Amino acid sequence: MPESGAGGSLSPLAFANDVLHVDLWSKQQEVLTALPDHQRVAVKSGNGLGKGFSAAVAVLWFLHCHDPAIVLSTAPTFRQVRHILWRQIRRLYRPAREELGGKMLDTRWEMAEDRYAMGLSAESADEFQGFHSSNMLIVADEAEGVSDEIYEAIEAVMTSA
């Protein structure tokens, strides 16, 4: 039986293994294991160590295992959102699309009206207004380049557990 996380849903590690069929190295496992139990998880490391891959797994896991749910992802520029994080999300989604379901677009994965993930630019705090769900995940890729104004907007939408 697959390992469960908070609320009895599939844990991020079980999801990565059983649904996405990907192997994670120890630090990626550590990051993903922390997600169900911590409101904030920060990852500090160098380039090419799998942070973006872990973030893509997290986005897919969260939306697959929570209903309703909204996942917002951001990076300092929309180019980074589209060509780095969401490229990785689409790459992981394609082989598992039948099990994952929904409709994958360039920077949006739609499961239902109240269950979707999307990529937003961190260029304006207005982009983060108006999102409400009992289950929210927000991923800030290349977070050091995201302004304090954006983090304040993110705090404002983080009203759920």
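So, here is what we can say about the structure in this document. Everything numeric in this text was worked out from a predicted model, so none of it was measured. (Residues numbered from 1 in each chain as written. Predicted model: local features only at pLDDT ≥ 70, side-chain atom pairs only at ≥ 80, totals over all residues. Heavy atoms only, no water.)

**A word on the pattern of salt bridges**
This model, assessed by the stated rule, comprises five salt bridges. A salt bridge links glutamate 30 to lysine 27; the nearest nitrogen and oxygen atoms lie 3.3 Å apart. With glutamate 30 and lysine 27 both in helix α2 (residues 26-34), this residue pair falls three residues apart, about one helical turn. Given the relative accessible area of 45%, lysine 27 is considered partly exposed. (Salt bridge = Lys/Arg side-chain N within 4 Å of Asp/Glu carboxyl O. Helix = DSSP H or I, 4+ residues; strand = E, 2+ residues; numbered from the N terminus. Buried < 20%, exposed > 50% of the residue type's maximum accessible area, 1.4 Å probe, protein only.)

**Overview of the pairing of strand β1 (residues 69-75)**
Most of β1 is tucked away, with seven of its seven residues classed as buried. On β1, burial covers both faces: Ala69, Val71, Ser73 and Ala75 on one face and Ile70, Leu72 and Thr74 on the other are all buried.

**Let's talk about the side chain of serine 73**
Along the chain, the position of serine 73 falls in strand β1. Owing to a relative accessible area of 1%, serine 73 belongs among the buried residues under this scheme. Not counting chain neighbours up to four residues away, the residues in contact with serine 73 comprise Leu85, Trp86, Met118, Gly119, Leu120 and Val139. (Contact = heavy atoms within 4.5 Å.)

**Comments concerning the sheet that holds strand β3 (residues 108-112)**
Reading across the sheet, the five strands line up as β2-β3-β4-β1-β5 and stay open at both edges, with mixed pairing between neighbours. With one partner strand each, in any of the chains shown, β2 (103-104) and β5 (136-140) form the two edges of the open sheet. (Pairing = 2+ DSSP bridges.)

**Comments concerning the environment of glycine 102**
Note that glycine 102 resides in the loop between α4 (78-100) and β2. By relative accessible area, glycine 102 is classed as partly exposed at 46%. Sequence spacing of glycine 102 and arginine 115 is 13 residues, and the spatial spacing of their C-alpha atoms is 9.5 Å. With residues up to four places along the chain from it excluded, the contact list for glycine 102 reads Tyr93, Trp109, Glu110 and Met111.

Function cannot be read off these values alone, since they describe shape.
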